[in-house]
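A structural walkthrough
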Amino acid sequence: GQNIDQPTEMTATEGAIVQINCTYQTSGFNGLFWYQQHAGEAPTFLSYNVLDGLEEKGRFSSFLSRSKGYSYLLLKELQMKDSASYLCAVRARPSGGYQKVTFGTGTKLQVIP
Amino acid sequence: GAVVSQHPSRVICKSGTSVKIECRSLDFQATTMFWYRQFPKQSLMLMATSNEGSKATYEQGVEKDKFLINHASLTLSTLTVTSAHPEDSSFYICSAWDRGAYGYTFGSGTRLTVV
């Protein structure tokens, strides 16, 4: 199976930078995704990493280290609307199995003035 | 990006009845769709992978006879919760691969309440 760990909750100040970490253990790794989910709504896609390194997209950046089983999502210039849950998801195809995406428990981020 | 339309958004049903949830890919063909369930304050749990033209693949612990999945066309997958019970009350959501965004696109979700 897959183990995906991320902090349960984080609090950060408006205008600041916050880093949300995700560690995972899996076989047949085939990509890591970050999603944002506001309460009661569907997740929205933020980023995708399959190779090591940093992917930047506006105020959001995502980093991956496959050898360490580690990723982080970096949010810059925080805005109040960034208060949401951030889900780390790992896609994998274990040997003899089929490809699927498994989600972490999510990190609830609260942005305060 | 690609759009996945999911209906209904909310449904309340009586215990023992069945409920059908539809997911349609509006501007692309989805040979595979994924069905998730999310309980309050928890993450998304994969229930099954829906494959067009073949049987769905269910995750361990998910009852095939209770959660019927049909993927009869490249644009439509349905999940039917049969003989619903209050413990089936949850947020059900589907997703499909968006080749353009290189990410998975989700439907808007269905809030099921069984009374």
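Just above sits the structure.
Note that the structure is predicted; figures quoted are calculated from it, not measured.

About the criteria used
- Residues numbered from 1 in each chain as written.
- Chains lettered and ligands numbered in written order.
- Predicted model: local features only at pLDDT ≥ 70, side-chain atom pairs only at ≥ 80, totals over all residues.
- Heavy atoms only, no water.
- Helix = DSSP H or I, 4+ residues; strand = E, 2+ residues; numbered from the N terminus.
- Buried < 20%, exposed > 50% of the residue type's maximum accessible area, 1.4 Å probe, protein only.
- Contact = heavy atoms within 4.5 Å.
- Salt bridge = Lys/Arg side-chain N within 4 Å of Asp/Glu carboxyl O.
- Disulfide = S-S within 2.5 Å.
- Pairing = 2+ DSSP bridges.
- Axes fitted to C-alpha atoms, helices over the stretch in contact; angles between N-to-C directions.
- Core = buried A, V, L, I, M, F, W, Y, C linked by side-chain atoms within 4.5 Å.

Quick notes on the overall build of chain A
When helices and strands are tallied, chain A shows 0 helices and 11 strands. Secondary structure of chain A in N-to-C order comes out as β-β-β-β-β-β-β-β-β-β-β. Counting only C-alpha atoms and orienting by the principal axes, one finds that chain A spans roughly 50 × 30 × 20 Å. Of all 113 residues assigned to chain A, the portion counted as buried reaches 44%. When contacts within chain A are restricted to residue pairs at least 6 apart in sequence, those whose partners lie at least 24 apart make up 55%.

Considerations on the pattern of salt bridges
Residues and elements named next belong to chain A. This model, assessed by the stated rule, comprises 6 salt bridges over all chains. A salt bridge links Arg-59 to Asp-82; the shortest N-O distance between them is 2.8 Å. Of this pair, Arg-59 sits in the loop between strand S6 (53–57) and strand S7 (60–65) while Asp-82 is found in the loop between strand S8 (70–75) and strand S9 (84–92), placing the two residues 23 residues apart along the sequence. Each member of the pair, Arg-59 as well as Asp-82, is classed as buried.

Details of unusual backbone geometry
Residues and elements named next belong to chain B. Cis peptide bonds are those with omega within 30 degrees of zero, and the linkage from His-7 to Pro-8 qualifies with -5 degrees. Secondary-structure assignment places Pro-8 in the loop between strand S1 (4–7) and strand S2 (10–13). With a phi angle near 45 degrees, Ser-83 is a residue other than glycine that sits in the positive phi range. Relative to the assigned elements, Ser-83 resides in the loop between strand S8 (76–81) and strand S9 (90–98). Take Ser-83: its relative accessible area is 36%, and that puts it in the partly exposed class.

Considering the state of the cysteines
Residue and element names in this part refer to chain A. This model, assessed by the stated rule, comprises 2 disulfides over all chains. What pairs with Cys-22 in a disulfide is Cys-88, and their sulfur atoms sit 2.0 Å apart. Disulfide Cys-22-Cys-88: the torsion about the S-S bond is -70 degrees, which places it as left-handed. Residue Cys-22 is found in strand S3 (residues 18–25), and its partner Cys-88 is found in strand S9; the two are separated by 66 residues along the sequence.

Focus on the sheet that holds strand S1 (residues 3–5) of chain A
Residues and elements named next belong to chain A. Taken together, 5 strands build an open sheet; the order of strands is S1-S3-S8-S7-S6 and the sheet is antiparallel. The sheet is open, and its two edges are formed by S1 and S6, each paired on a single side. Going across the sheet, the axis of each strand differs from the next one's by a mean of 15 degrees, ignoring polarity. Bridge count for S1 against S3 is 3 bridges, and the pairing is antiparallel. Across the sheet, Asp-5 pairs through a bridge with Thr-23, a residue of S3.

Considerations on the sheet that holds strand S7 (residues 67–73) of chain B
Residue and element names in this part refer to chain B. In spatial order, the strands read S1-S3-S8-S7; together these 4 strands make up an open sheet with antiparallel pairing. With partners counted over all chains shown, the strands left at the sheet margins are S1 and S7, one partner each. This sheet shows a mean twist of 15 degrees between the axes of neighbouring strands, independent of strand direction. With 6 bridges joining them, strand S3 (residues 19–25) and S8 adopt antiparallel strand pairing. The partner of Cys-23 across the bridge, within S8, is Ser-77.

Quick look at the nonpolar core
In summary, soluble globular proteins display a tendency toward joint burial of nonpolar side chains. All names here are of chain B. Among the nonpolar cores identified, the biggest contains 26 residues, and Phe-67 and Leu-112 are the most heavily contacted of them. When residues of this core are traced back to their parent elements, those giving at least two are S2, S3, strand S4 (32–38), strand S5 (45–51), S7, S8, S9 and strand S11 (110–114). Not counting the four nearest positions on each side in its chain, Phe-67 is found in contact with Arg-37, Met-47, Tyr-58, Val-62, Leu-79, Thr-80, Val-81, Asp-88 and Tyr-92.

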